[in-house]
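# Breakdown of the fold
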Amino acid sequence: MSSWRLRLALVLLAVVALACQSRQARMEQHLKQGDAYLAAKKTPEAIIEFKNVLQLDPNQAAAHYGLAKAYLASDKLRDGYWELHETVRLDPKNLEARLQYGQLAQLAGELDEAEKQADAVIAADPKRPAGYVLRAQVLERRKKPEDAREAYQKAVEVAGDDAVPLVLFADFLVRQGDNAAAEPLFRKVVKLKPGFASSAALASFLARDRSRDAETEAVYKQALEHAKPEELSLATRTYAGFLYSRERYDEAEKLLTDASAKDPSDLQIIYTLARFYIARGDTARADAMMEQSAKARPNEVEPFLVLSAYRSRKGDPAGALEAAESALKVDPESQPARLRKAELLLELGMRKDDKAQVAEARSIVDAVLAKDPSSTDGLFVKAKLDMAEQHLDDAVKGLRRALELREDWPQAHYLLASALLLQNDRNGAKAAVTRALELDPTLLDARRLLLRIDGLLGDNDLAVEEGRGVLKADPNDAGTRVLVAQSQIRLGKPDDALATLNEIPEKARTGEVYYAIGRIYLLKGQPAQAREALEKADAATPSQPDILEALLDLDRAENRLAESSQRIEKALAASPNDPRIVHLNGIRLALLGQNDAAEKELRRAIELAPNDLALYDTLAQLLARSGRPQEIVKTYEEASKANPKNATLQLLLGLLYEQQGHTDLARERYEKALSLDPNLAGAKNNLAYLLAEEGKDLDRALDLAQEAKAALPDNPNAADTLGWVLYKKGVPSAAVGYLKEAEGSMQPNDPGLGIVRQHLAMAEEASGQRENARATLERALATLDEQRKHAAAQHPGAPPPPEPDWAKEVRAQLQRLQGAGAG
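What counts, and at which threshold
- Residues numbered from 1 in each chain as written.
- Predicted model: local features only at pLDDT ≥ 70, side-chain atom pairs only at ≥ 80, totals over all residues.
- Heavy atoms only, no water.
- Helix = DSSP H or I, 4+ residues; strand = E, 2+ residues; numbered from the N terminus.
- Rg over C-alpha atoms; globule rule 2.2 N^0.38 Å.
- Buried < 20%, exposed > 50% of the residue type's maximum accessible area, 1.4 Å probe, protein only.
- Contact = heavy atoms within 4.5 Å.
- Areas by Shrake-Rupley, 256 points an atom, 1.4 Å probe, with all protein chains shown as cover.
- Lys, Arg positive; Asp, Glu negative; His and termini not counted.
- Charge placed at Lys NZ, Arg CZ, Asp CG, Glu CD.
- Axes fitted to C-alpha atoms, helices over the stretch in contact; angles between N-to-C directions.
- Left-handed = near helix turned anticlockwise from the far one by under 90°.
- Nonpolar A, V, L, I, M, F, W, Y, C, P; charged D, E, K, R; others polar.
- Expected span 1.5 Å × (residues − 1).
- Polar contact = N/O pair within 3.5 Å; in protein donor to acceptor, adjacent residues only side chain to side chain.
- Phe/Tyr/Trp six-rings, centres within 6.5 Å; stacked < 30°, edge-to-face > 60°.

The next thing to look at is the overall build of the protein. Tallying secondary structure elements over the protein gives 45 helices and 0 strands in all. In terms of C-alpha radius of gyration, the protein reaches 31 Å, essentially the compact-globule figure of 28 Å for 823 residues. With the principal axes as the frame, the protein shows a C-alpha extent of 95 × 85 × 60 Å. Every one of the 823 residues in the protein was classed for burial, and the buried ones make up 47%. A sequence separation of at least 24 residues applies to 49% of the contacts in the protein between residues at least 6 apart. For the protein, the exposed surface amounts to about 40500 Å²; the carbon and sulfur share of it is 51%. Counting 112 positive and 127 negative side-chain charges, the protein places the averaged centre of each group 2 Å from the other.

This is the structure we're talking about:
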């Protein structure tokens, strides 16, 4: 090498070395700053810093872990889950990350992944109790109580003086009905951690057995004796609750009145006493007590605020507002009183559609926060206002800020869960409502919300269990019964679902209840009973599109279209511009053979709701049945030229090209749709599916599929796409949950059900669930046979329709699995 070439090489090497040093220093600085932001609970800033690291080096495990913690602190469970996945992949020795990843996997129903992480932690550190606890929780959800018990026992064995595994094991044993084994654990916790909390937990356990009431009462007294000053009011109320449950009303009253005499300022004692009177039907005495408490201290704000809360609980918001006004007369600058007034103005304003009251509530809250931006109550009431006005991002941001300042606030966690669910962030909502119930298990509305979330997430066993708990407290809750029945249907238990709904008295049945009953009878193949229930639903809630559609399906099958015509025409007269009713009218006209009129109505429905893809799909089907497939494309190409910024039309054209096998043209249209509307979930979903089918750019496919699923939480196609992408990426255990969700959300006559089941079977086989895969394949073929029989019955004498392409592949997979044995 010549000397100048040598010198040039050395210079280049020096430049590269300096660049590497600079790059490493920058990564270390970003990591350090990200950790500092995390410690200061500044999660948005932390997220930016960790992402800066990953831009420099995508394989930095520490940055992935920091980003995971920041996402989890922001209740972004889905993002946190994937970052933990990357952390564990890059740094298998990070046992804390493995435990967090396993817990989230369990929460998401990915039990294989959760168990894998538990086993890895146990293998790496056999003395760490959390690994055994995670394994036990997974095994319990797998309905393997004996194996779970063994894992819990091992956790307790290695835990030493750590009381947490003891409490978890004791709770597990209670759930299993083994109270004899649970009791010594509760007693051991009392010895390890003597105090009010442990004694109260033991007393609550003993209270299950009324034959041991004397012993239970002794422990409650012990809990009261051990209570610290700040725990004394709660300890008294807890003991009084036990006495009241044993119908020892006079003793409960004396305990509370004595406590009130010792501390007349304890309004919670007075409030509890009043609630006891209400439960006994003595509302006059309760009212008098609350009124007297306020009158006895007319120069204090708090008694009027407690009176306001009491009146709200009784369903008297006007009286509650009056009490809040009285508090403001005592102290016009009282922040709690001003915010209480704002909260009630909002409630009354929303009930009466009084915008002036809502505006007044907003002005009060804005004034409070302008003076004290860290007012947790102010942030809470502002979040309620934001939710009422559909400013969900602002509501979530405010609630998170409030919880940073006051983490142990169950109502704020519950409200956050409600806001997140409205944003379709189901996992985030579940985390928030679970925390609310950890802090206050008596929050019945939070339990109702958890039931709803579990059902939406496909955790139907949990939903049914949670619903039964709610119904024990409120047997007349018809809405909860409908939700429980829906989960029972998804579990394949229509008879149980029907029994759940039939417990609702006839006079208490709403249109929603009758509709749910009708759908169950349809599922059971009992059209006469289905019609009776659906007609009652229509009478209770006329012109409801879902009910009209179900009745239209029945009328079509039974040649009674004249009846649907009458219903739909009546609904159309009442709501001439409701796109769903216009759409149903188009379907009705098509069934009557009036294709021109049907096409006109379907196009009008699209004009009314241009973003509803189902409307385009129906029109496309009509044109296809009319033998005009090319006209479909031509029609929408012309519409696209006339409306070049309409992303939905680009999406529809992509669908049409995909149906015709022109995947390149379809991909172009989906990309065009996203360039016009980056939030168009249908385009994200379809593009992700195409990429997965072609095995191209699977990382982008995953991002698109996750975003589509978040935006379309109830759409089975979105669940199928995400599951299929995960399978293609080599994560079949994660795919199974989404594919099960897709299967459970589809109607039995849906022509796409077979493909979804094929995807599910492939994921199950790849994750080692060979028996489940076989069962899924058998379901796919059985449903196909039913669909073909139904088609033959609809067209007697016609040749049977050909089997779809996927059927041959399903039969081959099933034959292979049957030949391989159970596995």
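Right, let's get into the packing of helix H39 (residues 681-694) against helix H40 (residues 698-711). Contact geometry for H39 and H40: axes closest at 8 Å, N-to-C directions at 145°. As H39 runs across H40, the sense of the crossing is left-handed. Contacts between H39 and H40 involve Ala-681, Lys-684, Asn-685, Leu-687, Ala-688, Leu-691 and Ala-692 from the former and Leu-698, Arg-700, Ala-701, Leu-704, Ala-705, Glu-707, Ala-708 and Ala-711 from the latter. Taken together, the residues that form the contact of H39 with H40 break down as 11 nonpolar, 1 polar and 3 charged.

Another aspect to go through is helix H19 (residues 335-352). Taking 1.5 Å of rise per residue, the 18 residues of H19 would be expected to cover 26 Å, and the 26 Å separating its terminal C-alpha atoms lies within 8% of that figure. Taken together, the buried positions of H19 are occupied by Ala-337, Arg-338, Leu-339, Arg-340, Lys-341, Ala-342, Glu-343, Leu-344, Leu-345, Leu-346, Leu-348 and Gly-349. Residues of H19 that are buried in the fold lie against helix H17 (302-313), helix H18 (317-330), helix H20 (355-371) and helix H21 (376-388). Near the N-terminus of H19, the side chain that reaches the backbone nitrogen of Ala-337, with its oxygen 3.3 Å away, is that of Ser-334. Positioned one or two residues after H19, Asp-353 has a phi angle of 55°, which is positive.

Our focus in this paragraph is the packing of aromatic side chains. On inspection of all chains with the given rule, the structure shows 10 aromatic pairs. Ring geometry for Tyr-81 against Tyr-101: centres 5.1 Å apart, planes inclined by 50°, an arrangement best described as tilted. On the criterion of sequence distance, the pair formed by Tyr-81 in helix H4 (residues 77-90) and Tyr-101 in helix H5 (residues 95-107) is long-range, its members being 20 residues apart. A residue is classified by how much of its surface remains accessible, and Tyr-81, at 9% relative accessible area, is buried. Accessibility expressed as a relative area gives 2% for Tyr-101, which makes it buried. With a centroid separation of 6.3 Å and an interplanar angle of 20°, the aromatic rings of Phe-169 and Phe-172 are classed as stacked. Of this pair, Phe-169 and Phe-172 are both found in helix H9 (residues 163-175), 3 residues apart, which corresponds to roughly one turn of the helix.

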